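Coordinates in review
The primary structure of each chain is shown beneath.
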Amino acid sequence: MHATRPPDQRLQLGAALRALRQAKGMTTTQAAASLLVSQPKISSMENGRRRISPRDVRDLCKIYGVQDQRTVDVLIGMAG
């Protein structure tokens, strides 16, 4: 059985969320605690190995202090 590659959009969204987290100076453990999820879930989302719900994107943007609603909307549009 071959591993399937995550869709490019999921990889792009994960990378964007990782960059936002890092810009905030947070670890994946801190982000997970703030979102009330496991650290592996954050890691899987950032690496494109799991789908990211629009709600998770919205909540992570809030945790990361994203002020620009247009940015939030674009990221939410990439989720699902």
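These notes cover the structure that comes with them. All values derive from a computational prediction rather than experimental measurement.

1. Quick look at the side chain of Thr28
Mapped onto the elements of the fold, Thr28 is located in helix α2 (residues 28–35). For Thr28, a relative accessible area of 17% gives the class buried. At a separation of 2.8 Å, a polar atom in the side chain of Thr28 contacts the side chain of Gln39. Non-local contacts of Thr28, meaning those with residues more than four positions away in its chain, are made with Arg21, Gln39, Ile42 and Glu46.

2. With respect to unusual backbone geometry
Non-glycine residue Leu36 carries a positive phi angle of around 65 degrees. Along the chain, Leu36 falls in the loop between α2 and α3 (39–46). On the basis of relative accessible area, Leu36 is assigned to the exposed category, the value being 78%.

3. Quick look at the environment of Val57
In this fold, Val57 is placed in helix α4 (residues 54–63). Those residues in contact with Val57 that sit more than four places away from it in its chain are Leu13, Leu17, Ile52, Leu75, Ile76 and Ala79.

4. Digging into the environment of Gly25
Mapped onto the secondary structure, Gly25 falls in the loop between α1 (8–24) and α2. Here the alpha-carbon distance between Gly25 and Ile76, two residues 51 residues apart in the chain, equals 22 Å.

5. Regarding α2
Every α-helix carries 3.6 residues per turn, so stepping three or four residues along brings you back to the same face. If you check which residues of α2 are buried, you get Thr28, Ala31, Ala32 and Leu35. Down the axis, α2 shows its buried residues gathered within 100 degrees of arc, on one side only. Of the exposed residues in α2, those oriented more than 90 degrees away from the buried face are Thr29 and Ala33. In this structure, the buried residues of α2 make contact with α1, α3 and α4. Once α2 ends, the next one or two residues include Leu36, with phi positive near 65 degrees.

What counts as what
- Residues numbered from 1 in each chain as written.
- Predicted model: local features only at pLDDT ≥ 70, side-chain atom pairs only at ≥ 80, totals over all residues.
- Heavy atoms only, no water.
- Helix = DSSP H or I, 4+ residues; strand = E, 2+ residues; numbered from the N terminus.
- Buried < 20%, exposed > 50% of the residue type's maximum accessible area, 1.4 Å probe, protein only.
- Polar contact = N/O pair within 3.5 Å; in protein donor to acceptor, adjacent residues only side chain to side chain.
- Contact = heavy atoms within 4.5 Å.
- Arc of directions from axis to C-beta.

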